[in-house]
Amino acid sequence: MTARPVLAAVLATAVVLPLAGCGGDKSGTTTATSSQTTTRIEVLKDAGRSDGTSFDPRGIYRRESPGVVTVIATGLKSDTGPGTQSGLGSGFVISPDGEVATNAHVVTGGTGSAIRKASEVFVRFADGNQVPATVKGFDPFSDVALLKVSPKGLTLRPLPIGSTKDLRVGSPVAAIGSPFGEEQSLSIGVISALNRSIQSLTGFDTPGAVQTDAAINHGNSGGPLLDAGGRVLGINAQIQTSTGDGSGVGFAVPADTVKRSLAQLREDGSARYAYLGVASAAVYPQLAQRFGLKSKTGAWIQQLTRGGPADDAGLRGGSGEKKFQARAYSPGGDVVIGVEGEKISRESDLAKSLLPYKPGQTVTLTVRRGDATKRIRVKLGERPLDAPRG
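Calculation notes
Residues numbered from 1 in each chain as written. Predicted model: local features only at pLDDT ≥ 70, side-chain atom pairs only at ≥ 80, totals over all residues. Heavy atoms only, no water. Helix = DSSP H or I, 4+ residues; strand = E, 2+ residues; numbered from the N terminus. Buried < 20%, exposed > 50% of the residue type's maximum accessible area, 1.4 Å probe, protein only. 1 Å grid on protein atoms, 1.4 Å probe; cavity = no way out; pocket = protein on both sides within 12 Å on 5 of 7 lines; lining within 4 Å. Points joined across faces, edges and corners; volume = space filled by probe spheres on them. Expected span 1.5 Å × (residues − 1). Contact = heavy atoms within 4.5 Å. Phe/Tyr/Trp six-rings, centres within 6.5 Å; stacked < 30°, edge-to-face > 60°. Lys NZ or Arg CZ within 6 Å of the ring centre and 35° of its normal. Salt bridge = Lys/Arg side-chain N within 4 Å of Asp/Glu carboxyl O. Core = buried A, V, L, I, M, F, W, Y, C linked by side-chain atoms within 4.5 Å. Polar contact = N/O pair within 3.5 Å; in protein donor to acceptor, adjacent residues only side chain to side chain. Lys, Arg positive; Asp, Glu negative; His and termini not counted. Arc of directions from axis to C-beta.

Engineer: Talk me through the overall build of the chain; I want residue IDs and the actual numbers.
Structural biologist: Along its length, the chain carries six helices and 28 strands. Counting every position in the chain, which comprises 390 residues, the buried fraction comes to 51%.

Okay, here's the thing in structure tokens:
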């Protein structure tokens, strides 16, 4: 049986409708007073967090688990028929103002242009408090959502979001969340791979994902993947499975992508991505030799979206079909080997290289076309909610 990626949220079926369902110092304490209540908000800052040189699961859990929450969503659009679904996932506090990060698929239903947010969302904290949340925005391309709760009467413990730039395979990590609804569960493991591509809610790939063997199961979606210092390396999002259960291959949306997405969601509730309009295949030495490509690495354009940015700029896609090493290829297309001087080695590098750019900006691609090296300027479009087919 072929393994498949599964979104790691818990879905529950209802009866009436087909519903799918180490010690830290407390600092930064502030007091807000109204005519009716006195609210105390405690914010745990970086004091007491490890410098990352030693891995202490008990310490990580003691410091960071108060900032991990369970997210309950109702009124989710069903992909399988009429009616709605309810779901349960995880999340984590990211600011003293009541902001919570989670996966988009935890608080939305449907895919592509048919995606809709839940009618109601609630956030349950480790101390037992459960409050309503507002979905401030969601990014279906990177599977990130921003929630907001009123901080009144709550003790908030924001988790710092780190970076994936200097990660190494084999580094220890911890995941905290609500697998199968079992709240505040800790699992540990290592980073087992980097720069994976996982499919988003739109059909486009999310590049740069972090792969881990820390146990990730249904309900872990939206929870943090943490390093030895308690910094968030990513949002746990998917598992690879042939049975529906976790099998030691989980994936997290990388922290740098999460930060970029959250910045856009704070601004206007949505996220826009630059769009090139190509389908490509990774070049490797044997493939280059077989098809006479003049570069041993790069992204070999197989197809162009008609009328898309790459097509309008004069890039070339392949045609016909020839098989090599059990895969079909369309020969004749350009090989993209650079974007604005940044080398493209793997197929996924092309998508990653475009992330810093906005729709409407112009970039220069370096391509190999036969024996020639060309530099082609492309005005980037805006990525559609539904990935083009074919």
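Engineer: Break down empty space enclosed by the protein for me, with residues and values.
Structural biologist: One number sums up the size of the largest cavity: a volume of about 50 Å³. What lines the largest cavity is Phe141, Ser142, Asp205, Thr206, Pro207, Thr257, Tyr273, Leu355 and Arg383. Per-element tally for the lining of the largest cavity: the top contributor is strand 15 (residues 205–212), with three residues.

Engineer: Can you tell me about helix 3 (residues 255–268), naming the residues and giving the values?
Structural biologist: Owing to its 3.6 residues per turn, the α-helix brings residues three or four apart onto one side. Under the 1.5 Å per step criterion, the end-to-end length of helix 3 is 20 Å for 14 residues, consistent within 8% with the ideal 20 Å. Taken as a whole, helix 3 has its buried residues at Ala255, Asp256, Thr257, Val258, Ser261, Leu262 and Leu265. Contacts from the buried residues of helix 3 go to strand 7 (99–102), strand 11 (130–139), strand 12 (144–148), strand 15, strand 17 (232–241) and strand 18 (250–254). Gly269 sits one or two positions beyond helix 3 and adopts a positive phi of about 80°.

Engineer: Describe the packing of aromatic side chains, naming the residues involved and giving the relevant values.
Structural biologist: A ring pair, where both rings are aromatic, is described by two values, the distance of the centres and the angle of the planes. Tallied over the full model, the rule gives seven aromatic pairs. With a centroid separation of 6.3 Å and 80° between ring planes, the pair formed by Phe291 and Phe324 is classed as edge-to-face. Residue Phe291 is located in helix 4 (residues 285–291), and its partner Phe324 is located in strand 22 (residues 322–324); the two are separated by 33 residues in the primary sequence. Pair check on accessibility: Phe291 and Phe324 agree, each one buried. Ring pairs connect the aromatic residues Phe141, Phe204, Tyr273 and Tyr275, which therefore count as one cluster. Looking at Arg290, its charged tip hangs above the ring of Phe291, at a distance of 4.8 Å from the centre. One cation-aromatic arrangement involves Arg383 over Phe204; the distance from NZ or CZ to the ring centre is 5.1 Å.

Engineer: Talk me through the pattern of salt bridges; I want residue IDs and the actual numbers.
Structural biologist: Applying the stated criterion across every chain yields a total of nine salt bridges. We note a salt bridge from Glu64 to Arg63, for which the minimum N-O separation is 3.4 Å. An identical accessibility class is assigned to Glu64 and Arg63; each is buried. The closest approach of N and O atoms between Asp227 and Arg231, which form a salt bridge, is 3.2 Å. Using a relative accessible area of 14% as the deciding quantity, one classes Asp227 as buried. In this structure Arg231 comes out as partly exposed when scored by relative accessible area, which is 29%.

Engineer: Now, about the environment of Arg389: what can you tell me, with residues and values included?
Structural biologist: Topologically, Arg389 is positioned in the segment after strand 28 (381–382). Separated by 84 residues in sequence, Arg389 and Thr305 place their C-alpha atoms 9.1 Å apart.

Engineer: So what's going on with unusual backbone geometry? Which residues, and what values?
Structural biologist: If you check the backbone angles, Asn195 has positive phi at about 60° while not being a glycine. One can find Asn195 in strand 14 (residues 185–199). Looking at Asn195, the relative accessible area reads 30%, which means it is partly exposed.

Engineer: Summarise the nonpolar core; cite the residues concerned and give the values.
Structural biologist: In this structure, Val107, Val121, Phe125 and Leu147 are the most contacted members of the largest nonpolar core, which totals 24 residues. Put simply, the parts of the chain that give this core at least two residues each are strand 5 (68–77), helix 2 (104–107), strand 10 (120–124), strand 11 and strand 12. Leaving out residues up to four positions away in the same chain, Leu147 has contacts with Val71, Gly98, Glu99, Val100, Thr102, Val107, Val121, Val123, Ala133, Thr134, Val135 and Lys136. Counting residues in each nonpolar core, the second largest holds 18 residues, with Ile60, Phe92, Ile94 and Ala174 among its members.

Engineer: Before we move on, could you go through the side chain of His105 and cite the residues and values that matter?
Structural biologist: Here His105 lies in helix 2. One polar contact links His105 to Ser221, side chain to side chain, over a distance of 2.7 Å.

Engineer: Give me the side chain of Arg383: which residues, what numbers.
Structural biologist: Within the secondary structure layout, Arg383 lies in the segment after strand 28. The charged side chain of Arg383 is buried without a salt bridge, its nearest counter-charge being Asp139 at 6.8 Å. Residues contacting Arg383, with those up to four places away along its chain left out, are Phe141, Phe204, Asp205, Tyr273, Ala274 and Tyr275.

Engineer: How would you sum up the environment of Tyr357? Please name residues and give values.
Structural biologist: Along the chain, the position of Tyr357 falls in the loop between helix 6 (347–354) and strand 26 (362–369). Under the relative-accessibility criterion, Tyr357 is labelled partly exposed at 22%. Considering only alpha carbons, one finds Tyr357 and Ala274, 83 residues apart in sequence, at a separation of 6.1 Å. With near-sequence residues (within four places) excluded, Tyr357 lies in contact with Ala274, Glu340, Val363 and Leu380.

Engineer: Give me the lowdown on the layout of surface pockets, citing residues and values where you can.
Structural biologist: Roughly 920 Å³ of internal volume is contained in the largest pocket. Looking at the lining of the largest pocket, the elements that each hand over two or more residues are strand 14, strand 15, strand 19 (274–275), strand 20 (278–282), strand 21 (299–304), strand 23 (327–329) and helix 6. Of the residues forming the lining of the largest pocket, the biggest block, five residues, is contributed by helix 6.

Engineer: Can you tell me about helix 1 (residues 57–64), naming the residues and giving the values?
Structural biologist: Restricting attention to buried positions, one finds in helix 1 the residues Gly59, Ile60, Arg63 and Glu64. Considered in projection along helix 1, the buried side chains sweep an arc of 105° and stay on one side of the axis. In this structure, helix 1 carries Arg58 and Arg62 as exposed residues pointing more than 90 degrees from its buried face. Next to the buried residues of helix 1 lie strand 5, strand 13 (172–177) and strand 16 (224–226).

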